Amino acid sequence: MEDPNTFKLNLTSTNGVFSQMVLGYSPEYTLGVDDGIDGFNINSTNYLCSTIEGAAYVIQGRPEFSATDIVPLQYKIENADQYSIAIEQLSGVFTTQDVFLKDKLTNTIHDLKSGPYDFGSESGNFKERFEVVYESPLAVNQNSFNENNVVVYKQNQELVVNTGKIPMSNVKVYDIRGRLLIAKDHIDATQVKLFTGTTQEVLLVKITSDSYGTVTKKVVN
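Once a new chain begins, its residue numbering starts again from 1 and follows that chain's sequence as written. Local features in this predicted model are restricted to residues of pLDDT 70 or higher, and side-chain atom pairs are both shown and tallied only at a pLDDT of 80 or more, whereas totals for entire chains, interfaces and linings draw on every residue. Neither water nor hydrogens contribute to the side-chain values; these are computed over all heavy atoms in the structure.

> Can you walk me through the nonpolar core in this structure?
The nonpolar side chains of a soluble globular protein tend to be buried with one another. The biggest cluster of nonpolar side chains holds 25 residues, and the ones touching the most others in it are Phe7, Leu9, Leu73, Val132 and Tyr134. Put simply, DSSP marks the helices as runs of H or I at least four residues long and the strands as runs of E at least two long, and each gets a number from the N terminus on. Contributing elements (two or more residues each) for this core: β1 (5-13), β2 (18-25), β6 (70-77), β7 (81-88), β10 (117-121) and β12 (130-133). Top element by residues in this core is β6. It accounts for 4 residues. Contacts were defined at the residue level, with two residues in contact if any of their heavy atoms lie within 4.5 Å. For Leu9, the contacting residues outside a window of four places in its chain are Ser19, Gln20, Met21, Leu48, Leu73, Ala86, Ile87, Leu112 and Val132. Counting residues in hydrophobic clusters, the runner-up holds 18 residues, among them Val152, Val161, Val205 and Val219. By convention a nonpolar core is built from buried Ala, Val, Leu, Ile, Met, Phe, Trp, Tyr and Cys residues, the set being connected through side-chain atoms within 4.5 Å. Summary of the burial criterion: residues with accessible area below 20% of their type's maximum are buried, those above 50% are exposed, and those between are partly exposed, where the area comes from a 1.4 Å probe applied to protein chains only.

Right under this line is the structure:
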């Protein structure tokens, strides 16, 4: 893509995942599929893309730039882990234009020019979580604490609990019969790892924030 109004987004992880996508703007482009400009995604796993007509594209040309534009993103990953989305190679209008990543799961809007956005994710194909936006919101509630924006996943022999922006105070892990297996207090952090071993069983994870209450998640160990 040779248009000067472009930037790239990179998805990376601690386990070596790398995926790159490109967005560009020009009066010659459309919101539909532009032959010779838009690049269809051919990766079957571990990718970050924008979407055109519901399909995933690693390169997308969009019409003349407007700060009110919203770009839906889609990502797919094989393994639950910690991931980052970072911006690079900004040209044209984007050398001065703000670029934000909106995380609808945690209700967070992150300035990508200030640094990468780090997040925890379960494995799967996620079509609704992220958007690129260009206007800073007047008010964003970043303190949602519920089952939808607390992420719990298995990584090797550990259970990873990630609460986004809200520090947790304690975590308790129960088996399906209600027996307490693990309890960790005085955490005061947004992520904690708990050793659970290799036993295959359903666990109930009770996560508590002193300020925002308690969330319970079910996970297969």
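Now that the structure has been shown, the text picks up again.
> Is there a simple way to explain the sheet that holds strand β13 (residues 151-155) in this structure?
Backbone hydrogen bonds hold the strands of a sheet together, and the pairing may be parallel or antiparallel. Ordered in space as β13-β14-β17, the 3 strands form an open sheet in which the pairing is antiparallel. Because the sheet does not close on itself, it has two edges, and the strands there are β13 and β17 (191-195). Adjacent strand axes in the sheet meet at a mean angle of 20° when their direction is disregarded. Criterion used throughout: strands pair if DSSP finds at least two bridges between them. To obtain an axis, a line is fitted to C-alpha atoms, over the contacting stretch when the element is a helix, and the angle between two such axes runs from 0 to 180 degrees between their N-to-C directions.

> Looking at this model, I keep getting lost on the sheet that holds strand β19 (residues 213-220). Mind explaining?
In spatial order, the strands read β16-β15-β18-β19; together these 4 strands make up an open sheet with antiparallel pairing. Of all the strands in the sheet, the pair left with one neighbour each is β16 (180-184) and β19. Averaged over all pairs of adjacent strands, the angle between their axes in this sheet comes to 15°, without regard to strand direction. Sheet topology note: the strand β15 (residues 170-175)/strand β18 (residues 202-209) ladder contains 6 bridges and is antiparallel. Residue Val171 lies in a different strand from β18, and its bridge partner there is Ile207.

> Would you mind going over unusual backbone geometry with me for this structure?
Most of the time, phi is negative for any residue but glycine, and the peptide bond is trans. Even without being a glycine, Gln89 presents a positive backbone phi close to 50°. Located in the positive-phi region is Asn156, a residue other than glycine, with phi close to 60°.

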